[in-house]
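# Observations on chain architecture
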Amino acid sequence: MNPAHKMTLHTGKFLALVKEGRWEYVDRLGATGAAIVVAVTRERKLLLVEQYRIPVHARTIELPAGIIGDDPGGSDECPTDAAKRELLEETGFAAECMEILTTGPASSGLTFEIVALLLVSGLKRVQPGGGVGHENIIVHEVPLSVVHE
């Protein structure tokens, strides 16, 4: 599709609704993507976070994650720095080692946002976690032996 036919239908604080030809999709403003963290403790427990998500009107349990470059002045933030920041904010754990497993589109029919999936190790709890502001995140440490249940 020729980008000349791209038109912004609505712009909010964090998102823009774009029409390109017959296709409508979302641009995330002021960010470059998202970092999703697969964090396994020395005790072989997967860290998951539980929080209320307005789009689904329910609490969800998910991997720790966050937007890359959404802090003021963070437009050059890399996925590993975002992963470190979000892991610490949400779970209270710091990691010694981070490895990017893969990158790719989160939902290529909805947004151009690129997600980085990172594996972290050498975890140590250094603060309570729980997120920032009103997030009210609950941290779950689930043994790998039962994570699929």
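Residues numbered from 1 in each chain as written. Predicted model: local features only at pLDDT ≥ 70, side-chain atom pairs only at ≥ 80, totals over all residues. Heavy atoms only, no water.

Looking now at the nonpolar core. Of all hydrophobic cores here, the largest spans 14 residues; its most connected members are Ala39, Leu87, Val120 and Leu123. Broken down by secondary-structure element, the contributors of at least two residues to this core are strand S4 (33-39), helix H1 (79-91) and strand S10 (114-121). Beyond its immediate chain neighbours, meaning those up to four positions away, leucine 123 contacts Ala39, Val40, Thr41, Arg42, Leu47, Leu87, Phe93, Ala94 and Ala95. (Core = buried A, V, L, I, M, F, W, Y, C linked by side-chain atoms within 4.5 Å. Buried < 20%, exposed > 50% of the residue type's maximum accessible area, 1.4 Å probe, protein only. Helix = DSSP H or I, 4+ residues; strand = E, 2+ residues; numbered from the N terminus. Contact = heavy atoms within 4.5 Å.)

Looking now at the sheet that holds S4. The pairing of strands in a sheet comes from backbone hydrogen bonds and takes either a parallel or an antiparallel form. Reading across the sheet, the 4 strands line up as S7-S4-S10-S9 and stay open at both edges, with mixed pairing between neighbours. Because the sheet does not close on itself, it has two edges, and the strands there are strand S7 (65-68) and strand S9 (97-105). Across the sheet, the mean angle separating the axes of adjacent strands is 25 degrees when strand polarity is ignored. Across 7 bridges, the pairing between S4 and S10 is parallel. The partner of valine 37 across the bridge, within S10, is leucine 118. (Pairing = 2+ DSSP bridges. Axes fitted to C-alpha atoms, helices over the stretch in contact; angles between N-to-C directions.)

The next thing to look at is the layout of surface pockets. Its boundaries defined by the atoms lining it, the largest pocket holds a volume of some 1400 Å³. Surrounding the largest pocket, 37 residues form its lining, Arg28, Gln51, Arg53, Ile67 and Glu135 being those nearest its centre. Those elements that place two or more of their residues in the lining of the largest pocket are strand S3 (23-28), S4, strand S5 (45-53), strand S6 (58-62), S7 and H1. In terms of residues, the lining of the largest pocket owes the most to one element, H1, which gives 4 residues. Its residues placed into classes, the lining of the largest pocket shows 18 nonpolar, 8 polar and 11 charged. (1 Å grid on protein atoms, 1.4 Å probe; cavity = no way out; pocket = protein on both sides within 12 Å on 5 of 7 lines; lining within 4 Å. Points joined across faces, edges and corners; volume = space filled by probe spheres on them. Nonpolar A, V, L, I, M, F, W, Y, C, P; charged D, E, K, R; others polar.)

All right, on to H1 then. One turn of an α-helix holds 3.6 residues; hence residues three or four places apart share an orientation. The terminal C-alpha atoms of H1 lie 17 Å apart, and with 13 residues this matches the ideal 18 Å at 1.5 Å per residue to within 8%. Taken together, the buried positions of H1 are occupied by Ala82, Ala83, Arg85, Glu86, Leu87, Glu90 and Thr91. (Expected span 1.5 Å × (residues − 1).)

By the bridge criterion, 6 bridges tie strand S2 (residues 15-20) to S3 in an arrangement that is antiparallel. Within S3, the position partnered with alanine 16 by the bridge is aspartate 27. Turn length for the S2-S3 hairpin, with the two strands adjacent in sequence and antiparallel, is 2 residues, and the turn residue glycine 21 shows positive phi of about 65 degrees.

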